[in-house]
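# Residue-level structure breakdown
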Amino acid sequence: MELTYRRAVKEDADLLIDIYNASFYEDYVRYGKCPGYGKTKEEMESSIEDSVKYIIMNNTIPVGVISVSEEKKGYYYLGCLCVLPAYQGIGIGTQAFQYILSVCPDWKKITLVTPSDKEQNVKFYTNRCGFSVGSKEMDGNVEVVNFYMNR
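The shown structure was predicted, so the numbers you read here are calculated from the model rather than taken from an experiment.

We now examine the pairing of strand S7 (residues 142-150). Across seven bridges, the pairing between strand S5 (residues 109-115) and S7 is antiparallel. Within the sheet, the bridge partner assigned to proline 115 lies in S7 and is valine 144. Here strand S6 (residues 132-139) pairs with S7 via six bridges, running antiparallel. Bridging from a neighbouring strand, valine 133 pairs with phenylalanine 147 of S7. The hairpin formed by S6 and S7 contains two residues between the paired strands, and glycine 140 there has a positive phi angle of roughly 65°.

Laid out in structure tokens, this is it:
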């Protein structure tokens, strides 16, 4: 499997919406809402402007998206790492995260948030990526956990 990464541009908004919706549908059903699901084209275009998004390509097939924003010098927020369900569990997410580390060589701290009851996500971010579990808090009706990685 040879992965490549292409920086998303506004013209990719519809493609990103399709990938997000397929990847986050289960969360939408489970929680009744999901910040990655159901974005309008305008919301996605704005999101593309606000954070760096890379389309994860498996050969010529777009299979996921990873996005990161720099909150301040060296401090990054991993806003999205999603892989289409048919491509999950084969190392794409792990490789994509390693790619982000390579394009953010000045990173001092990386943070992210995910629902605390999504055991697969918690294991992925701690075991595969090396994040530490931080505080938990409520986001509407969903308990989320804050993850962090310090260099």
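Position of leucine 15 among the secondary structure elements: in helix H1 (residues 13-31). Taking relative accessible area as the criterion, leucine 15 reaches 27% and is therefore assigned partly exposed. Residues within four places of leucine 15 in sequence aside, it is in contact with Arg6, Ile55 and Pro62.

What follows deals with the nonpolar core. Membership of the largest hydrophobic core comes to 27 residues, with the highest contact counts inside it found for Ile56, Ile66, Phe97, Ile110, Tyr125 and Phe131. Broken down by element, this core gets its largest block of residues, five residues, from helix H3 (residues 92-103). If we skip the residues at most four places from it in the chain, phenylalanine 97 touches Ile66, Leu78, Ile110, Cys129, Phe131 and Met149. In terms of nonpolar packing, the next biggest core, distinct from the first, is built from 16 residues, Leu16, Tyr20, Met44 and Ile55 among them.

The rules behind these values
- Residues numbered from 1 in each chain as written.
- Predicted model: local features only at pLDDT ≥ 70, side-chain atom pairs only at ≥ 80, totals over all residues.
- Heavy atoms only, no water.
- Pairing = 2+ DSSP bridges.
- Helix = DSSP H or I, 4+ residues; strand = E, 2+ residues; numbered from the N terminus.
- Buried < 20%, exposed > 50% of the residue type's maximum accessible area, 1.4 Å probe, protein only.
- Contact = heavy atoms within 4.5 Å.
- Core = buried A, V, L, I, M, F, W, Y, C linked by side-chain atoms within 4.5 Å.

Function cannot be inferred from these measures alone, as they are strictly geometric.
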